[in-house]
Amino acid sequence: MPSRRNFLAALAAPSILDAVQPGRVHAAGFGPIPGASPRIAEPAPQSVPSWPEDSDPAYWDLIRDQFYFPRTEAFFNTGTIGAVPRFVLERVIDDMRLTESTVARWDYTERTDNSISGYSPQLPLREKLGKLVNADASELALIQNATMGMNMLASGIDLKAGDEIITTDREHPGGVCGWQMRAKRDGAVWKHIVMPQPANDPEEIVRLFEAQMTPRTRLLAFPHIVSPTVVVMPVKRLVELAHTHNCLAIVDGAHGVGQVDVNLHEIGCDAYFSSPHKWLLAPPGNGMLYIRADRQDQFWTTLCSSEWDDHKSGMYRFMQYGTGNQSLLMGLDAALDFHFRIGPDRVRKRIRFLADRLRSGLKQIPGASINSPVNPEMCGAMTVYSVRGVHGADLEETMWERRRLRPRSMGDPLGVRHSCHIYNSEAEVDAALEIVSDLAKQHA
Ligand SMILES: Cc1ncc(COP(=O)(O)O)c(C=O)c1O
C-alpha cells in the first residue's frame, strides 16, 4: 500500500492558492530545502525558483516573494500574529488534501502515517524544535498556543492558600489569567511588580522582583518579551533570583521563539511556553510548552487522555488533547525548515537591523517618543512609539491610509507597537518614519 508520503506525487492539481493569485509566477514558492522533511523535498510539479544565494544582494527581496500579502502593503504586526510563508502554507494545504485523499487507506497501523495529532508523540518534530531552543525533545510538548501552555502550568502545580506568585503589571492575559484563577480558587496570592516605563535598566527589574519576594513566594512568572511595552527581560538573571530563593521561574515566551535567541538550557528556567505562530511564522494552532526534565514531576497533567499518567515519556503526557489537525504540525515543521534554511542568526540580525533603523530614525524626530527600551540589551524587533498630540489609533490609521503600513495601536499614551520581520524592508521602515515626521510637524 502506498504511504501518504508517496501519494503526494499523484496530487499534481494546482493549489487553491495558485488559483486565487493567478498572476504569480512561482506560487508554489521556492524549490526544495536541503535537509527538509522528505515530503517538502519533493519539488512541486511546475518549475519553481531555487533559493536565493546567501550572497545575493536581492536576498531579502526574494524572501519577500514567499508571502501572500501584496507588496503594496507592509505588515508590521508580527507581535500579534506572523505572516505564514507560502512554503509553509502550501505544506499545510497539501497535507490536508493528502489526508482527505487517503482517508480510506489509513489502517491505524504503524505501516501508514498518522492522520491526526493529539495521540502521537511527534518525536522528530519535537527534536527539530528542540534544536532551535536548545532543549531535549522529551522536555517539549506540542500544544496549541502560549495561553494553553500558561494554563497547563498554572492549573498543574500544587499551590496552597498563602503561596505567592509574582508577575509584572504588564502581562498579556494569556500569560497571567491562570495564576489569577489559582489565587481565586485556592487562596494563593497573586502579586506583581510595577514595570519601569520605559524600562532600560535590567538590574532595576531584578531588584523590583526581589523586593516583592517573601518566604511565602513560590514562583516568579514573567514574560521573555513584554507584550505592550516590548521589553526584552533579563530572563537569566530573574531565573537566578528565583532559584536563589528556592522558587520556580516560569517564562511566558510568546514573543521569544523566532525573535530573539532562546537557549532554554542556558536560561535555566523551569518552564517556558511560546506561540510559534508569531515570530516563527508557523500557522496558528501551534504552541510550545517546555518543562525542564527535573521539574516535570512537579506539574500535574490537566488535559488528560490515555497517556496522562505516563511520567516516563517526558512531556508527551501534556500532548493528550484528543483529535487535532496533523497538517498544522506539518506547518510547524515547514516553518522550522524555512527558519533554519535562512538561518536563525541571519533572521535575528535582519529583524534587529530593521528595528534599529526605525529606532534611530525616531530619535531624530522632535515630537516622536520611543516608549519601549533603547538599551540594546533590552531591545528586540519591536518598538513602541508615539507622536505628541496623536492617539495611537490615529497613528495606526494614518499609516494605513497614507502608505498601507500596518503597525498596531497600543492606545494612549503608548502609541503604536511596530514589529519588524523578514518580510519588511528598509523602504517600508523609512515610509513609517516619513509619516511620523510629517505628523510631528503638523502637531508641533
Ligand atoms: C506576552 C504574551 N503572552 C501570551 C500571549 C497569548 O498568546 P496566544 O494568543 O498565542 O496564546 C500573547 C499574545 O499576544 C502575548 O503577547
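For the structure itself, look to the data block above.
Below, the structure is looked at part by part.

**Section: the packing of helix H5 (residues 86–101) against helix H12 (residues 326–342)**
Part 1 of the reasoning: Closest axis-to-axis distance for the H5/H12 pair is 8 Å, and the angle between their directions is 150°. In this view, H5 runs roughly antiparallel relative to H12, as classed from their interaxial angle. The hand of the H5/H12 crossing is right-handed. For the pair H5 and H12, contact is made by Phe87, Val88, Arg91, Val92, Asp95, Met96 and Thr99 and by Gln326, Ser327, Leu328, Met330, Gly331, Asp333, Ala334, Ala335, Asp337 and Phe338, respectively.
Part 2 of the reasoning: Across the contact of H5 with H12, the residue classes break down as nine nonpolar, four polar and four charged.

**Thoughts on the nonpolar core**
Part 1 of the reasoning: If you look at the biggest cluster of nonpolar residues, it comprises 99 residues, and the most contacted ones within it are Trp179, Ile205, Phe209, Phe222, Met233, Leu289 and Ile422.
Part 2 of the reasoning: Take this core: its biggest share by element is seven residues, from H12.
Part 3 of the reasoning: For Leu289, the contacting residues outside a window of four places in its chain are Glu139, Leu140, Ala141, Ile143, Gly149, Met152, Leu153, Tyr272, Phe273, Met315 and Phe318.
Part 4 of the reasoning: If you look at the next biggest cluster of nonpolar residues, it comprises 25 residues, including Leu358, Leu433, Ile435 and Val436.

**A few points about helix H14 (residues 392–403)**
Think of an α-helix as 3.6 residues a turn; residues three or four steps apart then line up on the same face.
Part 1 of the reasoning: For H14, spanning 12 residues, the distance from its first C-alpha to its last is 16 Å, which sits close to the expected 16 Å at 1.5 Å a residue.
Part 2 of the reasoning: When H14 is considered as a whole, its buried residues turn out to be Gly392, Leu395, Glu396, Thr398 and Met399. Taken down its axis, H14 places every buried residue within 165° of arc, on the same side.
Part 3 of the reasoning: Taken from the residues just after H14, Arg404 is the one with a positive phi, measuring 60°.

**Comments concerning the site of the ligand**
Part 1 of the reasoning: All residues in the neighbourhood of the ligand are listed as Asn145, Ala146, Thr147, His172, Gly174, Ser227, Asp252, Ala254, His255, Ser275, His277 and Lys278.
Part 2 of the reasoning: In the model, an oxygen atom of the ligand is placed 2.7 Å from a nitrogen or oxygen of the His255 side chain.
Part 3 of the reasoning: One nitrogen or oxygen atom from the side chain of Lys278 is found 2.6 Å from an oxygen atom belonging to the ligand.
Part 4 of the reasoning: The fraction of the free accessible surface of the ligand (390 Å²) that becomes covered by protein chains is 88%.
Part 5 of the reasoning: Taken together, the residues that form the shell around the ligand break down as two nonpolar, eight polar and two charged.

What counts and how
- Residues numbered from 1 in each chain as written.
- Predicted model: local features only at pLDDT ≥ 70, side-chain atom pairs only at ≥ 80, totals over all residues.
- Heavy atoms only, no water.
- Axes fitted to C-alpha atoms, helices over the stretch in contact; angles between N-to-C directions.
- Helix = DSSP H or I, 4+ residues; strand = E, 2+ residues; numbered from the N terminus.
- Parallel < 35°, antiparallel > 145°, perpendicular 65-115°, else oblique.
- Left-handed = near helix turned anticlockwise from the far one by under 90°.
- Contact = heavy atoms within 4.5 Å.
- Nonpolar A, V, L, I, M, F, W, Y, C, P; charged D, E, K, R; others polar.
- Core = buried A, V, L, I, M, F, W, Y, C linked by side-chain atoms within 4.5 Å.
- Buried < 20%, exposed > 50% of the residue type's maximum accessible area, 1.4 Å probe, protein only.
- Expected span 1.5 Å × (residues − 1).
- Arc of directions from axis to C-beta.
- Near = heavy atom within 4 Å.
- Polar contact = N/O pair within 3.5 Å; in protein donor to acceptor, adjacent residues only side chain to side chain.
- Areas by Shrake-Rupley, 256 points an atom, 1.4 Å probe, with all protein chains shown as cover.

Treat this as a map of the structure, not an account of what it does.
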